[in-house]
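Given next are the chains, with one letter for each unit.
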Amino acid sequence: MDEADVAAELARLRRECPRYSIGIVTTGDRTRFLGQRRTPGPGPYTVLTDDLAELRDAMGAGQEQAPPAG
């Protein structure tokens, strides 16, 4: 995936998962994607991975609505 594809995918993820701040973390020669929840709620607080599909899946799991109580 080239830089333009990665940028487009990150833009899509930001629209799809507005409860998360999404960015890129580079350490040495390794690049990973970071998602951090901005608001309280279900799902992981932090996701750090080198796979955009894994990032989407992990953050998407937190987007699902819990059934109403009672």
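So, a few notes on the structure that sits alongside this text. (Residues numbered from 1 in each chain as written. Predicted model: local features only at pLDDT ≥ 70, side-chain atom pairs only at ≥ 80, totals over all residues. Heavy atoms only, no water.)

**Thoughts on the pattern of salt bridges**
This model, assessed by the stated rule, comprises three salt bridges. Taking the shortest distance from any N to any O, the salt bridge between R56 and E9 comes out at 2.2 Å. With R56 in helix α2 (residues 52-61) and E9 in helix α1 (residues 3-16), this pair connects stretches of sequence that are 47 residues apart. The exposure class assigned to R56 is partly exposed, which follows from its relative accessible area of 24%. Since its relative accessible area comes to 11%, E9 is described here as buried. For the salt bridge of E16 with R56, the shortest nitrogen-to-oxygen distance reads 3.1 Å. Remark: R56 occurs in helix α2 and E16 occurs in helix α1; sequence separation between them is 40 residues. Salt bridges here are not isolated pairs; linked through shared partners, they connect E9, R12, E16 and R56. (Salt bridge = Lys/Arg side-chain N within 4 Å of Asp/Glu carboxyl O. Helix = DSSP H or I, 4+ residues; strand = E, 2+ residues; numbered from the N terminus. Buried < 20%, exposed > 50% of the residue type's maximum accessible area, 1.4 Å probe, protein only.)

**Examining the nonpolar core**
Listed in full, the 11 residues of the largest apolar core are V6, L10, L13, C17, Y20, I22, F33, V47, L52, L55 and M59. Setting aside residues up to four positions removed in sequence, L13 forms contacts with I22, L52, L55, R56 and M59. (Core = buried A, V, L, I, M, F, W, Y, C linked by side-chain atoms within 4.5 Å. Contact = heavy atoms within 4.5 Å.)

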